[in-house]
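Fold and geometry: a report
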Amino acid sequence: MVSFFRRKKPDAAHDPASRPGQERFSIDELAAAFPAAPATTQVDASDPPPESPAVVPETESAAPPVSVAVAVSAALEPSSSAPAAASGKSGWRERLRGSGIARGLGNLFSRNPKLDDDLLDEIETALITADVGVTATTQLVEHLRKRMKAREFADARALLAALRAELVALLRPVAIPLAIDDNAKPFVILTIGVNGVGKTTTIGKLARRYKDEGRSLMLAAGDTFRAAAVAQLQAWGERNGVPVVSQGHNSPGKGGDAASVAFDALQAAKARGIGVLIADTAGRLHTQQGLMAELGKIKRVLAKVDATAPHEVLMVIDGTTGQNALSQLRQFHAAAGVTGLVVTKLDGSAKGGVMFALAREFGIPIRYAGIGERPEDLRVFDADAFVDALLPETLEA
């Protein structure tokens, strides 16, 4: 029994130390064998932070995460080498022809269809499928049906012209460009929206637009949650020659107070006589009541410096969101009082019909539309150009 509990000697065949030619080496011998090994940078934790903290310090001990570098690079360099869309209506048609509503109506009118109730039913299906909304679509189609029964349309071409007029009538009241008040020093634009809609990129494109107009500009890096947001906004600022205000603890993962950033930026903009201040905010789901309440706090803090600020609450909406955009806007409008919209990513897989649903239900001005990745592709919203891009130019005989 005693022999059973005896410690078993290691098997020489499995013991690395006993294998021939595999002797153990001392530390001095290993150091001599690898003389070129880099020394580890020593960081004294007791050292105070620098007075002018950078968001992503360019030091070996605080190298930015790969995700930050990738996000900044993706924000500044379009993923494709395609040029900006052509100016005028041709650029809208070029970029929106792949949208759901353009494909649906294009296929429907690709032939010269027979003018009957079936055609109206197909139009109704195409509009609802493209996220125009049931209520708006039903009203529009029923109006067309009454006119058809009154024999106002001679053929499908006349119906197509009437459809165009109805769609333009829905959008024209909200196609109101953003007017910058030059007497407001600065004119404050607060950008809001859910995660991933392209707020920071939109701010960069707006900075380019206003800079080209000769306006003095400042950006506030108020997205204190997303790791790459501050670095991304600073990169846009460097590219456009625009100063960016951020807090020292806004480095990735550190968090921060968005209201404090906006307050500091507004004070700095007033002191410098800046014409336009654009403040970024963190993306948040419209169902997160605590974060939604923070938007009200930001507005109250800005009002302490300027009772009229913010002069524009600009909500950025992803054009691929569909009908969910309505609930998003409803909650953000209740929390922050949205005064203008930017609808992005319309050149991708967006169905396009959500523009009509937003216009009908809220009547909030649509300031800009994103139809591409280039800064020039952030267009002032044009109702006529948008509708013309969705409908076929002519009908085949």
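Residues numbered from 1 in each chain as written. Predicted model: local features only at pLDDT ≥ 70, side-chain atom pairs only at ≥ 80, totals over all residues. Heavy atoms only, no water.

**Quick word on the overall build of the protein chain**
When its secondary structure is counted, the protein chain shows 14 helices and eight strands. Considering the protein chain as a whole, with its 397 residues, one finds that 44% of them fall into the buried category. When contacts within the protein chain are restricted to residue pairs at least 6 apart in sequence, long-range pairs at least 24 apart make up 78% of them. Accessible area of the protein chain: about 20,200 Å², with a carbon and sulfur share of 53%. (Helix = DSSP H or I, 4+ residues; strand = E, 2+ residues; numbered from the N terminus. Buried < 20%, exposed > 50% of the residue type's maximum accessible area, 1.4 Å probe, protein only. Contact = heavy atoms within 4.5 Å. Areas by Shrake-Rupley, 256 points an atom, 1.4 Å probe, with all protein chains shown as cover.)

**Here's the deal with the pairing of strand β5 (residues 312–318)**
When you tally the buried positions in β5, you get seven out of seven residues, the bulk of the element. Where burial is concerned, the two faces of β5 agree: the one with E312, L314, V316 and D318 and the one with V313, M315 and I317 are both buried. Sheet analysis places strand β1 (residues 187–192) next to β5, joined by four bridges and oriented parallel. Along β5, the bridge assignment pairs L190 with V313. Between the parallel elements β5 and strand β6 (residues 340–344), the chain passes through helix α12 (residues 324–336) in a crossover that is right-handed. (Pairing = 2+ DSSP bridges. Right-handed = clockwise from strand over helix to strand, strands pointing away.)

**Looking at the sheet that holds strand β3 (residues 244–245)**
Strand order across the open sheet formed by eight strands is β3-β2-β4-β1-β5-β6-β7-β8, with mixed pairing between neighbours. In this open sheet, the two edge strands, each paired with only one partner strand, are β3 and β8 (378–380). For strand β2 (residues 217–220) and β3, the ladder comprises two bridges, and the chain directions are parallel. When the bridges of β3 are listed, L219 appears paired with V244.

**Things to note about the environment of V244**
In this fold, V244 is placed in strand β3. Taking the C-alpha atoms as reference points, V244 and L219, separated by 25 residues in sequence, lie 4.7 Å from one another.

**Focus: the pattern of salt bridges**
Between side chains of opposite charge, a pair can form as their charged atoms come close. Counted by the stated rule, this structure contains 19 salt bridges. Between R145 and D121 there is a salt bridge; the shortest N-O distance is 3.3 Å. Of this pair, R145 sits in helix α6 (residues 134–149) while D121 sits in helix α5 (residues 117–129), and the two are 24 residues apart along the sequence. By relative accessible area, D121 is classed as partly exposed at 33%. A salt bridge links E142 to R145, with the shortest nitrogen-to-oxygen separation between them at 3.5 Å. (Salt bridge = Lys/Arg side-chain N within 4 Å of Asp/Glu carboxyl O.)

**Here we look at the nonpolar core**
Y210 and F386 are the most contacted members of the largest nonpolar core, which totals 106 residues. If you tally residues by element for this core, the top one is helix α10 (residues 258–272), at eight residues. (Core = buried A, V, L, I, M, F, W, Y, C linked by side-chain atoms within 4.5 Å.)

**What about the side chain of E166?**
By the element assignment, E166 lies in helix α7 (residues 156–171). For the buried residue E166, which engages in no salt bridge, the nearest side chain bearing the opposite charge is R147, 4.1 Å off. In contact with E166, other than residues within four places in its own chain, are L140, H143, L144 and R147. (Lys, Arg positive; Asp, Glu negative; His and termini not counted.)

**With respect to unusual backbone geometry**
Note the cis peptide between K185 and P186, where omega equals 5 degrees. Within the fold, P186 resides in the loop between α7 and β1. In this model, A309 is joined to P310 through a cis peptide bond whose omega is -5 degrees. One can find P310 in the loop between α11 (289–305) and β5. The phi angle at R151 is positive, at roughly 60 degrees, despite the residue not being glycine. Of note, R151 is situated in the loop between α6 and α7. On the basis of relative accessibility, which here comes to 76%, the residue R151 falls in the exposed class.

**Focus: the confidence of the model for the protein chain**
Chain-level pLDDT for the protein chain is 79 on average; 74% of the residues reach the 70-or-more range. In the predicted structure, residues 249–253 sits below a pLDDT of 50 and forms 15 contacts with residues beyond four places in sequence or in another chain. (pLDDT = per-residue confidence, 0-100.)

**Structural notes on the packing of aromatic side chains**
Summed over all chains, the structure comprises four aromatic pairs. On the numbers, 6.4 Å between centres and 90 degrees between planes, the contact of W92 with F386 is edge-to-face. Within this pair, whereas W92 is found in helix α3 (residues 89–96), its partner F386 is found in helix α14 (residues 383–390), the two being separated by 294 residues in sequence. For the pair shown, W92 and F386 are each scored as buried. Arranged with centres 5.6 Å apart and planes meeting at 55 degrees, the rings of F381 and F386 form a pair that is tilted. The pair formed by F381 and F386 is uniform in burial state, with each residue classed as buried. Positioned above the aromatic ring of W236 is the side chain of R239, whose terminal nitrogen or guanidinium carbon lies 5.9 Å from the ring centre. (Phe/Tyr/Trp six-rings, centres within 6.5 Å; stacked < 30°, edge-to-face > 60°. Lys NZ or Arg CZ within 6 Å of the ring centre and 35° of its normal.)

**Thoughts on the environment of G241**
Locating G241 in the fold gives a position in the loop between α9 (229–240) and β3. On the basis of relative accessible area, G241 is assigned to the partly exposed category, the value being 49%. For the pair G241 and M218, spaced 23 residues apart in the sequence, the C-alpha separation amounts to 9.6 Å.

**Re the packing of α10 against α11**
In the contact formed by α10 and α11, the axes pass within 9 Å of each other and the chain directions differ by 25 degrees. When the axes of α10 and α11 are compared, the pair comes out roughly parallel. The two elements α10 and α11 meet at a crossing, and its hand is right-handed. Contact with α10, carried on its side by A258, A259, A262, F263, L266, Q267 and K270, involves E294, K297, I298, V301, L302 and V305 of α11 and no other residues of that element. In the contact of α10 with α11, the residues fall into nine nonpolar, one polar and three charged. (Axes fitted to C-alpha atoms, helices over the stretch in contact; angles between N-to-C directions. Parallel < 35°, antiparallel > 145°, perpendicular 65-115°, else oblique. Left-handed = near helix turned anticlockwise from the far one by under 90°. Nonpolar A, V, L, I, M, F, W, Y, C, P; charged D, E, K, R; others polar.)

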